[in-house]
Amino acid sequence: ENYIDVVESKVTALNGKKLSILGDSISTFNGVSNNAETNSTIGDNAVFYGKDSSVLNFNENDTWWKQSADKTGASVLVNNSWAGANVATNYGNETKGGCTARAENLHDVNNVEPDIIAVYMGINDCGCLTGLGEFNGISDIWDGEKYIGNTELFATAYATMVHKIVTKYGNAKVFLFTLPQNGYHWAGTKEEYNALQVEYNKMIYKIAEVFDVEVVDLATMVGGNFGEYLLDDGIHPNEKGMDIISAAFETALYSFYSEK
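Residues numbered from 1 in each chain as written. Predicted model: local features only at pLDDT ≥ 70, side-chain atom pairs only at ≥ 80, totals over all residues. Heavy atoms only, no water.

Undergrad: Report on the nonpolar core, specifying residues and quantitative values.
TA: Core analysis: the largest hydrophobic core is formed by 70 residues, its most contacted members being Trp64, Tyr158, Met161, Ile165 and Phe249. Apart from the residues lying within four places of it in its own chain, the contact partners of Tyr158 are Val87, Val119, Met121, Leu176, Phe177, Ile204 and Ile207. (Core = buried A, V, L, I, M, F, W, Y, C linked by side-chain atoms within 4.5 Å. Buried < 20%, exposed > 50% of the residue type's maximum accessible area, 1.4 Å probe, protein only. Contact = heavy atoms within 4.5 Å.)

This is how it looks when you write it as structure tokens:
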């Protein structure tokens, strides 16, 4: 708690900064991530948190992104999170995948653009063992006129997503989250899941370097299995889990903005 207090005291200078989120169910909340009044394209986004009072009686203030915004002085602009979404376009994600038009819908209905963009996606890709693929540079996904990367593979889908974000929102600072291991999977074995997640995190770092964006190293902050900080379903963070995600994000914000 003392550590988090110190971090929060250092980033309160973010007053006036507008935060948008691109995520999956971990970042949803009913009435926010499906609120078409903030962005007309998100009204059909499926949600996990906030629609069922049995989920630890969660309220919006318990979410990692609302905590981070409130504690640093920023405000939430658009939360384009969709329960069940992959980064890739496989497994029914042709519309809701992170690499689709969702990556370009982080501004509000008045075309106000975010100052900060947080991208926390990939758990669902890993859970269904979406292939890693390769990414070595922008030419793997963009030929100067159109996207050419295989968006059914994680690396090229994730790179496509980030390319769309930095192209559309050139003035925003982008933060990509690594994925903490939770041991949950719905395809293959736990060992395959964990091994693939390690490779995903390496790829997130590689893509971040290519596009000159920041990394929130949640995987390292958690250190090992995230399981004790999850709900009984083994994948969605409980209140303490949300606190940890918030602390990781605030640490990354402090690291970046204190240097600036």
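Undergrad: Could you give an account of the pairing of strand E4 (residues 173-177), with specific residues and numbers?
TA: Counting buried residues along E4, five of its five residues qualify, which places the element largely inside the surrounding structure. Judged from the four bridges that link them, strand E3 (residues 116-120) and E4 form a sheet pairing that is parallel. Bridge assignment links Val119 to a residue of E4, and that residue is Leu176. Bridge count for E4 against strand E5 (residues 214-216) is three bridges, and the pairing is parallel. Looking at E5, one finds that Phe175 is bridged to Glu214. (Helix = DSSP H or I, 4+ residues; strand = E, 2+ residues; numbered from the N terminus. Pairing = 2+ DSSP bridges.)

Undergrad: Before we move on, can you summarise the environment of Asn201 with the specific residues and values?
TA: Inspection of the secondary structure puts Asn201 in helix H5 (residues 190-211). Looking at Asn201, the relative accessible area reads 12%, which means it is buried. Residues Asn201 and Gly122, spaced 79 residues apart in sequence, show a C-alpha to C-alpha distance of 9.4 Å. Excluding residues within four positions of it along the chain, Asn201 makes contact with Thr178, Leu179 and Ala219.

Undergrad: Report on the packing of helix H4 (residues 154-168) against H5, specifying residues and quantitative values.
TA: Look at H4 against H5: their axes get within 10 Å of each other, and the N-to-C directions meet at 35°. The interaxial crossing formed by H4 with H5 has right-handed handedness. Facing Phe154, Ala155, Tyr158, Ala159, Val162, His163 and Val166 of H4, the residues of H5 in contact are Tyr200, Met203, Ile204, Ile207 and Phe211. Looking at the contact of H4 with H5, its residues break down into 11 nonpolar, one polar and no charged. (Axes fitted to C-alpha atoms, helices over the stretch in contact; angles between N-to-C directions. Left-handed = near helix turned anticlockwise from the far one by under 90°. Nonpolar A, V, L, I, M, F, W, Y, C, P; charged D, E, K, R; others polar.)

Undergrad: Which residues make up helix H2 (residues 64-72), and what are the values?
TA: The buried fraction of H2 is high, at seven of nine residues. Within H2, the full set of buried residues consists of Trp64, Trp65, Lys66, Gln67, Ser68, Ala69 and Thr72. A positive backbone phi angle near 90° is found at Gly73, which sits one or two residues after H2.

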